[in-house]
Amino acid sequence: LKSMMLGGDLDTALAASLDTLVVLGEPLPRKPSIGVLFVELIKTKKALRAKSDEYLRSLPEMTDERVLKSIQIFVIMGTAAYLSGLLNYAAIITFKRIRLNLKYGISDSCPLNFCGYGFLVQAILRDFKGAVRFGQLGVSLSSKAIIPRSSFVMHAMIVHWRANIGLTINPLLSALHESLETGDIEYA
């Protein structure tokens, strides 16, 4: 799936992802509407309600292999959807990933899930405080390998909405260098 996406065959990557997710028991609609997007947003906000950052940081490690595989596919699919301009899909996938983390525990992609959710609450609900909260949570959960990705999302997609854009330059350059050092070409 990832090679299809990186090779530019985004439509095939999305179709294959949808088919695989059905087999794994995590189906998504083939053509999600704006209504589906808002239903997924509401379900996610409800699932996060009254959950402190401390609680979210203390979630157990995800061990369910089926869910771990589903999350890996959601990560690839989310990027393919975003690059294809299918922003409703990318958002719905992020909401689904957050709810899977809440139900089954923290996975390697959890920091990006929270950063992505932060971006979405700002973009959809104009909730800057919530955006910063979830972006910072994602960055705080990041391992050395993934911190360039979460830092990129935090500074390129959240911070610039309300802060001087000049404040994002050094963190973004740092994320670029760290991505190159770790071979993460996708986020470099």
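Quick note: structure is the one above.
Structure report, in brief. Position numbers for residues start from 1 in each chain and track the written sequence from start to end. The model is predicted, so local features are restricted to residues of pLDDT at least 70 and side-chain atom pairs to those at 80 or more, both for listing and for counting; the totals for chains, interfaces and linings are taken over all residues. Excluded from the side-chain calculation are hydrogens and water; included are all heavy atoms of the structure.

Let's talk about the environment of lysine 96
The residue lysine 96 is located in helix H6 (residues 87-104) in this model. On the accessibility criterion, lysine 96 (17% relative accessible area) is buried. Residues lysine 96 and phenylalanine 128, spaced 32 residues apart in sequence, show a C-alpha to C-alpha distance of 21 Å. The contact criterion used throughout is that any non-hydrogen atoms of two residues lie within 4.5 Å. Once residues within four sequence positions are removed from consideration, lysine 96 is found in contact with Glu26 and Phe74. Numbered from the N terminus, helices here are DSSP runs of H or I no shorter than four residues, and strands are runs of E no shorter than two. Three labels apply to residues, based on accessible area from a 1.4 Å probe with only protein chains included: buried if under 20% of the type maximum, exposed if over 50%, partly exposed otherwise in between.

With respect to the pattern of salt bridges
The term salt bridge refers to a pairing of a side-chain nitrogen on Lys or Arg with a carboxyl oxygen on Asp or Glu at a separation within 4 Å. Counting across every chain of the model gives 6 salt bridges. Between arginine 30 and aspartate 19 there is a salt bridge, with the nearest N and O atoms lying 2.5 Å from each other. Residue arginine 30 is located in the loop between helix H2 (10-23) and helix H3 (34-48), and its partner aspartate 19 is located in helix H2; the two are separated by 11 residues in the primary sequence. Assessed through its relative accessible area of 42%, aspartate 19 is described here as partly exposed. Here glutamate 26 and lysine 96 are joined by a salt bridge, their closest N and O atoms 3.1 Å apart. One end of the pair, glutamate 26, is in the loop between H2 and H3; the other, lysine 96, is in helix H6, and 70 residues separate them in sequence. Given the relative accessible area of 7%, glutamate 26 is considered buried. A network of salt bridges, in which partner residues are shared, links Glu26, Arg66 and Lys96.

Notes on the side chain of serine 151
Here serine 151 is to be found in helix H9 (residues 147-158). Other than its neighbours up to four places away in sequence, serine 151 contacts Val139, Pro171 and Ala175.

Notes on the state of the cysteines
For the purposes of this analysis, a disulfide is any pair of cysteine sulfur atoms at a distance within 2.5 Å. Counted by the stated rule, this structure contains 0 disulfides. In this structure cysteine 115 is a free cysteine whose sulfur lies 9.7 Å from that of cysteine 110, the closest cysteine sulfur available. Residue cysteine 115 is classed as buried on the basis of its relative accessible area, which comes to 0%.

Looking at the packing of H3 against H6
Two elements in contact, H3 and H6, have axes separated by 9 Å at closest approach and are oriented at 25°. When the interaxial angle is binned, H3 and H6 end up roughly parallel. Crossing angle aside, the handedness with which H3 passes H6 is left-handed. Across the interface between the two elements, Ile34, Val36, Leu37, Glu40, Leu41, Lys43, Thr44, Ala47 and Leu48 from H3 touch Asn88, Ala91, Ile92, Phe95, Ile98, Arg99 and Leu102 from H6. Three residue categories are used. Nonpolar comprises Ala, Val, Leu, Ile, Met, Phe, Trp, Tyr, Cys and Pro, charged comprises Asp, Glu, Lys and Arg, and polar comprises the others, including Gly. In terms of residue class, the contact of H3 with H6 is made up of 11 nonpolar, 2 polar and 3 charged. Only the stretch in contact is used when a helix axis is fitted, and all axes are lines through C-alpha atoms; the angle between N-to-C directions ranges over 0 to 180 degrees. For classification, angles of less than 35 degrees are called roughly parallel, those exceeding 145 degrees roughly antiparallel, those between 65 and 115 degrees roughly perpendicular, and all remaining angles oblique. In this scheme, a crossing is called left-handed if the near helix is turned counterclockwise away from the far one by less than a right angle; it is called right-handed if the turn is clockwise.

A closer look at the nonpolar core
Among the nonpolar cores identified, the biggest contains 41 residues, and Leu28, Leu48, Leu56, Met77 and Phe114 are the most heavily contacted of them. Elements with a minimum of two residues in this core: H2, H3, helix H5 (65-83), H6, helix H7 (110-125), helix H8 (128-141) and H9. If one sorts the elements of this core by residue count, H6 sits on top with 9 residues. What leucine 28 contacts, discounting residues up to four positions off in sequence, is Leu18, Leu21, Phe74, Met77, Tyr89, Ile92 and Ile93. The set of buried Ala, Val, Leu, Ile, Met, Phe, Trp, Tyr and Cys residues whose side-chain atoms join them within 4.5 Å is what this entry labels a nonpolar core.

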